[in-house]
2 protein chains.
Amino acid sequence: MRAHLLTIGDELLIGQTTNTNAAWLGEKLSRLGMEVERTVTVGDDPERIREEINRSARRAQLLLLTGGLGPTHDDITREVVAEYFDAPLRTDEEILARIRRYYERRDRQLPSAASKLAQVPDGFATLDNPVGAAVGLWHEATVHDGHRLVGVLPGIPEEMKGIFEAAVMPRLKQRADLRAATHRTLVTSGIGESALQERLGDLSDLLGEKLALAYLPSTNGVRLRLTSSDTDRAAAEKRLDRLEERIRSQVGIHVIGTGKVTLEDVLGDTLREGGFTIASAESATGGLIGHRLTSVTGSSDYYQGSVTAYANAVKQSILGVELGAIAEYGAVSEAVAVQMAEGVRDRLDVDVGVATTGIAGPTGGTPEKPVGTVWLGYADEVRSRAVRQQFVEDRSLNKELFASAALDLVRRELVRRDE
Amino acid sequence: MRAHLLTIGDELLIGQTTNTNAAWLGEKLSRLGMEVERTVTVGDDPERIREEINRSARRAQLLLLTGGLGPTHDDITREVVAEYFDAPLRTDEEILARIRRYYERRDRQLPSAASKLAQVPDGFATLDNPVGAAVGLWHEATVHDGHRLVGVLPGIPEEMKGIFEAAVMPRLKQRADLRAATHRTLVTSGIGESALQERLGDLSDLLGEKLALAYLPSTNGVRLRLTSSDTDRAAAEKRLDRLEERIRSQVGIHVIGTGKVTLEDVLGDTLREGGFTIASAESATGGLIGHRLTSVTGSSDYYQGSVTAYANAVKQSILGVELGAIAEYGAVSEAVAVQMAEGVRDRLDVDVGVATTGIAGPTGGTPEKPVGTVWLGYADEVRSRAVRQQFVEDRSLNKELFASAALDLVRRELVRRDE
């Protein structure tokens, strides 16, 4: 099934916003086996939007529009779509009531502009929004003598994703005309793209026309996407099994799971299963470890809290780090990392303490401890240790990489404990 | 001058790569005063590329292509462009010699495929690449009875940017026919899109053909983009001034700055100017307030640290919250929010304490305190207070919204203090 994306918004054209929606949707649709043929961005201009809908409707079996569904005057996608498909807008009373409740729950009056969100082109289905007030729109129509699926989603990424997953995905999965490509994703942690490639070695005996491997690096680790285009489903699965087995035998402990699993999910499961509680003592990561651990639903089962000790005085007063150690070795040191991990373990009365102290940059680097240096501390009831790692020059990347490395250190220590 | 971008590459369509080139070029071209009307992405498919070049050549005075200029078999942009403009490819000996030197300097043999990089369509100028081996291509042609500028750049962002800045920018700046569109962005905080529109009221006496207003919502607040297309630069600035003045008079304290400024930047400046230090006591936000405050370079001037007290025991032991208050009012309550803010202010010895305690979801909601409920606490040396706010149902959105609301509460308290 051929898909076109039409992303709408002046902010995309002038580069105020990077078009992450197109990338996200492109990946989702490809995984479903669709051929994404074309992505177009135009501004909030009815004539341009109409023209691109018309062009795409000539070629694409699925046309997804994003953006311009909000309540304000520059949100015109709803009107243009209604006009193009000759489907007059009507107020959906049920949706209007829901939007009114949405505002009431927030103790706010329904702004007059928001009632626009309840307008639905005649003959369009609505797609529930699990995240916000705007609903998506869905239409199956015959245009230019072909059957077309048309979806209209908000431009705010969280809302677009919520509606796509809850309402568009199930509709697309029903279609029998999806081309089969079988994907599997292995999630790795604690190893970079180049090192991974080197460890995997020559895979040419497995890879080829019917089996491909892609590296998808991010600050949370590298995901490996295995794709088999073998049309025989069982044969495709067998190919994927063989490749997965090889990868697992080569990179062992670095493979933490499959699919959408994250490092914080895996670590959370390990902690819960072991009956362990955890707390973090953070300096360079500024609270990001706690933020990531608590992004998992149910994390209160094991996560007790954290102390971000940016100032040395706080390292001493709340975590009990000796000022002498800071004076002798510096705040970014093995001794301080260990004392922070032990301190938070002791003060918050948990089983495992994890700590970070590093130089995120752009300032604060020295020849011995350049920007990107981090000491990661770990403490449980039997042992404490710290490891030094070196990352990049960018502050925000470093914070993410430091946090990932700290979480991965805990994961590996707990695996080792079990062995 | 009207510009279209054509970004080429399968990796963009399937979402393996986010199209940052389009955003970067869009911003550069807009700043030059060009109207970026349309951005299209197609894969490495000659027929699709040819079709989109033809479409854009009908409307755009400037057409920029990126991607598909490399040495491998799927890099076909050069061939398609040559064919479309009826300009046979010839090997440029000077460029070939340069590419050979480029490889020699790296002690590598010229790969046979790399000689493709020296092929230039007849009549095209070459654009020097300060970063890599591939050169860009430039053409000024009469197509569809209009004069067209056509630039072809590599898809690797560093090379694309290098060539654009060194060779395309100067060529565009020479053109007298750049139409001026002047942008200004106002950043708001603590107010939603609909409420903002309501507060702004009817702006039709100001808005019109030469002046537009767009709302760009995110979890960090709504940005307002003001655009004047008045060709007279001074008149355009005057229009923007009038609109900005009106907006500021209507939404007052919610406008926190202009351009790319963030709430954490503004709050950081306020704290630094006032000589105040700050610490956060976090429950539902899990460390996100600290993470956001420390995303600003130099935040150690005012940010001392934070305590994430997820468990009630930690609220008591580290922050001094009375267990009686938790038993009587619940952990998500005015009393606990105030005690957390006061506790972190006291224990970390700072001027301002800020606290969050809420229900991020998806579990834990009750009829009185549904998912999305948060109490925000504030304490300085003269007063303490807490406010209740209600947000959405999604855990990760709630964490972001709670953190934004907490930072905005501090910002407003500090502004009020000054008044």
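Residues numbered from 1 in each chain as written. Chains lettered and ligands numbered in written order. Predicted model: local features only at pLDDT ≥ 70, side-chain atom pairs only at ≥ 80, totals over all residues. Heavy atoms only, no water.

Visitor: Now, about the sheet that holds strand β12 (residues 255-258) of chain A: what can you tell me, with residues and values included?
Guide: Residue and element names in this part refer to chain A. One open sheet holds the 4 strands; their spatial order is β10-β11-β9-β12, and the pairing between them is antiparallel. At either margin of the open sheet sits one strand with a lone partner, and together these are β10 (211-218) and β12. Sheet twist, expressed as the average angle between the axes of neighbouring strands with direction ignored, equals 25 degrees. With 6 bridges connecting them, strand β9 (residues 182-188) and strand β11 (residues 221-228) associate as antiparallel partners. Within β11, the position partnered with L186 by the bridge is L224. (Pairing = 2+ DSSP bridges. Helix = DSSP H or I, 4+ residues; strand = E, 2+ residues; numbered from the N terminus. Axes fitted to C-alpha atoms, helices over the stretch in contact; angles between N-to-C directions.)

Visitor: Before we move on, could you go through the interface of chain B and chain A and cite the residues and values that matter?
Guide: Chain B puts 76 residues into the contact, and the matching count from chain A is 79 residues. When residues of chain B are sorted by the area they lose upon contact with chain A, L13(B), H291(B) and Y310(B) head the list and together hold 9% of the total. On inspection of chain B and its partner chain A, the count reaches 5 salt bridges. A salt bridge links R48(B) to E37(A); its shortest N-O distance comes to 3.5 Å. Where chain B packs against chain A, one counts 26 residue pairs in polar contact (both at pLDDT 80 or more). When the residues that make up the side of chain B that touches chain A are grouped by side-chain class, the tally is 27 nonpolar, 31 polar and 18 charged. Here 5 bridges tie strand β14 (residues 303-309) of chain A to strand β14 (residues 303-309) of chain B, and the two strands are oriented antiparallel to one another. (Contact = heavy atoms within 4.5 Å. Buried area = accessible area lost by both parts, 1.4 Å probe. Salt bridge = Lys/Arg side-chain N within 4 Å of Asp/Glu carboxyl O. Polar contact = N/O pair within 3.5 Å; in protein donor to acceptor, adjacent residues only side chain to side chain. Nonpolar A, V, L, I, M, F, W, Y, C, P; charged D, E, K, R; others polar.)

Visitor: Would you mind going over the pattern of salt bridges in detail, with residue names and values included?
Guide: All names here are of chain B. Enumeration according to the criterion identifies 59 salt bridges over all chains in this entry. The salt bridge partner of R385 is E413, with a shortest N-O separation of 2.3 Å. Here R385, found in strand β17 (residues 384-390), pairs with E413, found in helix α14 (residues 395-418); they are 28 residues apart in sequence, far enough to count as distant. Taking relative accessible area as the criterion, R385 reaches 28% and is therefore assigned partly exposed. (Buried < 20%, exposed > 50% of the residue type's maximum accessible area, 1.4 Å probe, protein only.)

Visitor: So what's going on with the pairing of β9(A)? Residues and values would help.
Guide: Residues and elements named next belong to chain A. For β9, the tally of buried residues reaches 6 of 7 residues, placing the bulk of the element in the interior. Of the pairings in the sheet, the one linking β9 to β12 comprises 3 bridges and is antiparallel in character. Pairing of L186 across the sheet is with T258, part of β12.

Visitor: How would you summarise the nonpolar core if you had to cite specific residues and measurements?
Guide: In terms of nonpolar packing, the biggest core is built from 104 residues, with I53(A) and I53(B) touching the most fellow members. If you tally residues by element for this core, the top one is α14(B), at 10 residues. Once residues within four sequence positions are removed from consideration, I53(B) is found in contact with L6(B), L63(B), L65(B), V80(B), V81(B), Y84(B) and F85(B). By size, the runner-up hydrophobic cluster in this structure holds 38 residues, among which are A325(A), A379(A), A309(B) and A355(B). (Core = buried A, V, L, I, M, F, W, Y, C linked by side-chain atoms within 4.5 Å.)

Visitor: Give me the lowdown on the packing of aromatic side chains, citing residues and values where you can.
Guide: Aromatic ring pairs: the centre-centre distance and the angle between the two ring planes describe each pair. Counted by the stated rule, this structure contains 10 aromatic pairs over all chains. The interplanar angle of 65 degrees and the centroid separation of 5.9 Å between the aromatic rings of F85(A) and F124(A) together place this pair among those described as edge-to-face. Linking F85(A) in the loop between α4 (77-84) and β4 (89-91) with F124(A) in the loop between β5 (119-121) and β6 (125-127), this pair joins segments that are 39 residues apart in sequence. Grouping residues by exposure puts F85(A) and F124(A) together as buried. Centroid distance Y84(B) to F85(B): 5.0 Å. Interplanar angle 80 degrees. Geometry classified as edge-to-face. (Phe/Tyr/Trp six-rings, centres within 6.5 Å; stacked < 30°, edge-to-face > 60°.)

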